[in-house]
Amino acid sequence: MYAFERTATATTLVCADGIGSGIKANVAANMAASRLLELLRQGFSQREAFSHVVQTMEDAKHADLPYVAFSLARILNGGETTVLSYEAPGPLLVGRRHTAILPQHNVMLGAALTLESNCHLEPGEGILLMTDGITQAGLGGSTRGGWKLEGATRHATDLLANGVPPDSLPARMNQRAVQLSAGTAGDDCTTVLALCRLGKVVTVFTGPPVDAKKDREVARNFLAAEGTRVICGATTADIIARYLGTKVTIDRSSQSMLAPPGYLLDGIDLVTEGSVTLNQVYNVLDVDPSQFDEDSGVTSLYELLVHADRVNFILGTAQNPANWHISFQQRGLLPRTKIVELLADKLREAGKLVVIQRV
């Protein structure tokens, strides 16, 4: 099995293989991966988290309890990558047209021999992790000594050379491993790829700051944000317009009977109404976009959010009495501060990195 997590500074990837088979092995692998990610959330370094779980696995192994072979990769936003492996096949460096086995050096953790790899990823490159169900495919059968890491590397390179896109490698590698094992090794085969590319960033500024004296500072930071810039709220748009020395105008092209009107502001990619739009986007975030029968600020914001890798919310915390009016409650509309939190939860569940800055 595999698990991953994104933070504001790095992407972490775990590939874990419970030794043996069946439910116990699967539970052990999931528990090891969950523990690694939780230790990292608590502030442990990659090596500290790895060392703690390795020691647990060593104790389990010598007590004849279920244990797990695993690799832990951490990729910083700049591409610096470290892969730590315990009784697992080494990682592969994936390029646009070839793969290569990453060099490893030994690291002793108590009595346990572990391996470490380091590299720097550029856009278009990636790290491929796998379980020994891949490298041992065909053992005693079609490949006698097993596919081994070298065989898996050659196959991955052949796939890339024949035009197979890198993100299809895991499925194709698993498929070939199962073929080599005559269909008997499916539950032992896991391959996972972390592919480096330039991320799509969307920054949403919604709601005025609690202290009006900070309007200019917040506006300056918002306008300096990378990627696509979105404003949700007429008052928020006025803050940016004053900073830019321009005016907000109503978008007359919007014909929606359901969504609130949109606005136009030079230099900003999308300007919408505030709380109602955010509530409506939350309600349709899981909907198939083919069901939309009109274009509006809601559908435009939906498109930006679902295709983003990172979403930054600059959330103004000034009180807006209108958001707490009985008419809002009767229509089931949540205040801006609450709906942004719920939106963030949904986006994180979809694998997005979401950062909320309250101002």
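First, a word on scope: everything that follows refers to the structure included in this document.

Below, the discussion takes up unusual backbone geometry. Of note in this structure, Asp64 is not a glycine but carries a positive phi near 60°. For Asp64, the position within the fold is in the loop between α2 (46–62) and β3 (68–76). Asp64 sits in the exposed class, given a relative accessible area of 71%. Although it is not a glycine, Glu87 adopts a positive phi angle of roughly 55°. Residue classification places Glu87 among the partly exposed positions, given a relative accessible area of 38%.

Let us now look at the layout of surface pockets. Considering only enclosed or pocket space, the largest pocket measures out at about 1,200 Å³ in volume. If you go around the largest pocket, you meet 40 residues; those closest to its centre are Arg6, Thr11, Leu195, Arg197 and Asp309. Within the residue set of the lining of the largest pocket, elements represented by two or more residues are β1 (2–6), β2 (10–18), β3, β10 (191–195), β11 (201–206) and β16 (310–315). The greatest single-element share of the lining of the largest pocket, amounting to 5 residues, is contributed by β10. For the lining of the largest pocket, the residue count by class is 21 nonpolar, 11 polar and 8 charged.

Applying the stated criterion across every chain yields a total of 4 aromatic pairs. Ring geometry for Phe70 and Tyr86: centres 5.7 Å apart, planes at 45°, overall tilted. Residue Phe70 is located in strand β3, and its partner Tyr86 is located in strand β4 (residues 80–86); the two are separated by 16 residues in the primary sequence. Here Phe70 falls in the buried class, since its relative accessible area comes to 0%. An angle of 50° between the planes, with centres 5.5 Å apart, marks the rings of Phe205 and Phe222 as tilted. With Phe205 in strand β11 and Phe222 in helix α6 (residues 215–223), the pair connects residues that are 17 residues apart, well separated along the chain. With a relative accessible area of 0%, Phe205 lands in the buried category. The residue whose ring lies beneath Lys346 is Tyr282, and the NZ or CZ to ring-centre distance is 4.2 Å.

Calculation notes
Residues numbered from 1 in each chain as written. Predicted model: local features only at pLDDT ≥ 70, side-chain atom pairs only at ≥ 80, totals over all residues. Heavy atoms only, no water. Helix = DSSP H or I, 4+ residues; strand = E, 2+ residues; numbered from the N terminus. Buried < 20%, exposed > 50% of the residue type's maximum accessible area, 1.4 Å probe, protein only. 1 Å grid on protein atoms, 1.4 Å probe; cavity = no way out; pocket = protein on both sides within 12 Å on 5 of 7 lines; lining within 4 Å. Points joined across faces, edges and corners; volume = space filled by probe spheres on them. Nonpolar A, V, L, I, M, F, W, Y, C, P; charged D, E, K, R; others polar. Phe/Tyr/Trp six-rings, centres within 6.5 Å; stacked < 30°, edge-to-face > 60°. Lys NZ or Arg CZ within 6 Å of the ring centre and 35° of its normal.

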